[in-house]
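As a plain string of letters, each chain reads:
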Amino acid sequence: MKHQSEPDQIPSMLLKISAPAIAKPVTTLINESLATGYIPKLWKTARVVPIHKSGDNTLVSNYRPISLLPVMSKILEKFVYTQLRDYYQYWNYLTPDQSGFRPNHSTTTALSKVCNDIQAGMAQGNLTGAVFFDFAKAFDTVDHGILLQKFKNSSIGDRTLTWFQSYVSDRSQYVSISDSTSLPLPVTCGVPQGSILGPLLFTIFINDLPNVCKASTVHMYADDTVIYTSKPDLPQLEAVLQEQFTEVEKWIKHNKLFLNTDKTVTMLFGTAPKLHKLQTPHLCVGTRSNGTLTTVTSLKYLGMWLDPNLCFGPHIEKLSSKFYPKLGALYRNKSCLSPAVRKQIVQQMLMQAIEYGDVVMWLPRKHTSRNLLHCITHSATLCYNFPQQFPRPITSDPGPAPYLQYHNTKKKVARSSFSYRAPQLWNNLPDAIKSSPCLKSLKSSLLTYLNTECTCKHVT
């Protein structure tokens, strides 16, 4: 908890220090709120602090608004969040097509799902068309009435429904700059920014979106939404995508959200020979306003640049162009840094970015991109005196430990997919790791194994 006063003028540090003495009365307040379905108005008031991002500090657009809520309201929300999350997980209400704000899910799992499905379509000789949606201020435009109705549709009890009605109603916020504050203004829509419950409420609000896409696949990470489908030829693909996009537009209108059609784009995926045969390798998907979505040949999706062949060459090109200046600066200051500091800099500044999405990217199929990635690795090795030892494949024979089945194939595009590579890597792990009794033990054993067997052991 940070040492600062929130809108209720109660420093969070004070609550932390005095927790043994105030735990009982705080518990009484929380229980009273849940029993009566009422939340004090002060607990629903947010203090908005503008933080300068970059550029001209006289332009409002160069500031990021940070919403600060009373710490007492966060304690209450944490208690409600745990019960609400457990309720929806127990009844399996949340769609598996959502990777945002869920345990054991991340942007990497979302990328793995989408890319693996596209590669599966390529392996079958199909074209895959995708629409990447851009919602305008999605979290800030959630309609409270519709959200409460969705709670009711999921069999939430009347008392809980009354509590959430109090939670979303009569909210306000004011801006605070230095010692000056604005007059409070009402917040009539949106999930509370900076809240504990906000992300889960948005997940519940958008949960039924996949239901309208019967002929395509939907995947979401919070409001980052993509729909895609695979067909043997372009006309069939465009027809299905147009139908599905129209259904999503209807859902958006019905739920009072707003689509940014200028930033909503389409992308066509396929093997290079398949795309080369097309006279016009573009998708034509129309909007309700009689416009046409833009078709792009590269797109940054959840931190990774996608390309039509999923070779990830553009992604590695951009990574390398960003890393070379950093490597040069670090090389020039090499003599000023101890081995431990050099290792830490490489791990935090370079390796985290390189390793992000590695389960998706694997080894790029284009040798030029692979050479770029190797060049970065060798540069870091030479600059920081890593021993000339690079990751080597895991070669243990699969034994009695859990063995994953996978479809063997000779097609390169299929062999590069997650569903083909992941079982292979798992099966080749030592039995002692695969037989770990729990996830925590598995992670610890795997980390130890990778550090000792598959990476540089030390920095000299």
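- Identification of the protein as Reverse transcriptase domain-containing protein from Leptobrachium leishanense is taken from an unreviewed UniProt entry.

**Here's the deal with the packing of aromatic side chains**
Inference 1: What the rule picks out here adds up to 12 aromatic pairs.
Inference 2: Between Phe133 and Phe245, the ring centres sit 5.7 Å apart and the planes meet at 20°, which makes this aromatic pair stacked. Linking Phe133 in strand E3 (residues 127-133) with Phe245 in helix H8 (residues 234-254), this pair joins segments that are 112 residues apart in sequence.
Inference 3: Here Phe133 falls in the buried class, since its relative accessible area comes to 6%.
Inference 4: Phe245 sits in the buried class, given a relative accessible area of 0%.
Inference 5: Through a chain of ring-to-ring contacts, the aromatic side chains of Phe151, Trp163, Phe164 and Tyr167 assemble into a single cluster.

**A few points about the layout of surface pockets**
Inference 1: Within this model, the second largest pocket holds a volume of roughly 810 Å³.
Inference 2: Listing elements by their share of the lining of the second largest pocket, those giving two or more residues are strand E1 (45-52), strand E2 (63-68), strand E4 (171-177) and strand E6 (185-187).
Inference 3: With 5 residues, E4 is the largest single contributor of residues to the lining of the second largest pocket.

**What about helix H2 (residues 19-36)?**
Inference 1: With 18 residues, H2 extends 24 Å between its outermost C-alpha atoms, agreeing within 8% with the 26 Å of an ideal straight helix rising 1.5 Å per residue.
Inference 2: Pro25 marks where H2 bends most, by close to 30°.
Inference 3: Looking only at H2, the buried set comprises Val26, Ile30 and Ser33.
Inference 4: Against helix H3 (71-90) and helix H6 (158-168) lie the buried residues of H2.

**Brief notes about the side chain of Ser99**
Inference 1: Its location among the elements puts Ser99 in the loop between H3 and helix H4 (107-123).
Inference 2: Owing to a relative accessible area of 2%, Ser99 belongs among the buried residues under this scheme.
Inference 3: Reaching out from Ser99, the side chain makes a polar contact with the side chain of His219 at a distance of 2.7 Å.
Inference 4: Once residues within four sequence positions are removed from consideration, Ser99 is found in contact with His105, Ser106, Thr109, Ala110, His219, Met220 and Tyr221.

**Some thoughts on unusual backbone geometry**
Inference 1: With a phi close to 65°, Ser155 is a non-glycine residue in the positive phi region.
Inference 2: The topology assignment puts Ser155 in the loop between helix H5 (144-153) and H6.
Inference 3: We note that Phe312 has phi near 65°; this positive angle belongs to a residue other than glycine.
Inference 4: Residue position: Phe312 is located in the loop between strand E12 (304-306) and helix H10 (313-332).

Calculation criteria
Residues numbered from 1 in each chain as written. Predicted model: local features only at pLDDT ≥ 70, side-chain atom pairs only at ≥ 80, totals over all residues. Heavy atoms only, no water. Phe/Tyr/Trp six-rings, centres within 6.5 Å; stacked < 30°, edge-to-face > 60°. Helix = DSSP H or I, 4+ residues; strand = E, 2+ residues; numbered from the N terminus. Buried < 20%, exposed > 50% of the residue type's maximum accessible area, 1.4 Å probe, protein only. 1 Å grid on protein atoms, 1.4 Å probe; cavity = no way out; pocket = protein on both sides within 12 Å on 5 of 7 lines; lining within 4 Å. Points joined across faces, edges and corners; volume = space filled by probe spheres on them. Expected span 1.5 Å × (residues − 1). Bend = angle between axes of the 7 residues up to and from the residue. Contact = heavy atoms within 4.5 Å. Polar contact = N/O pair within 3.5 Å; in protein donor to acceptor, adjacent residues only side chain to side chain.

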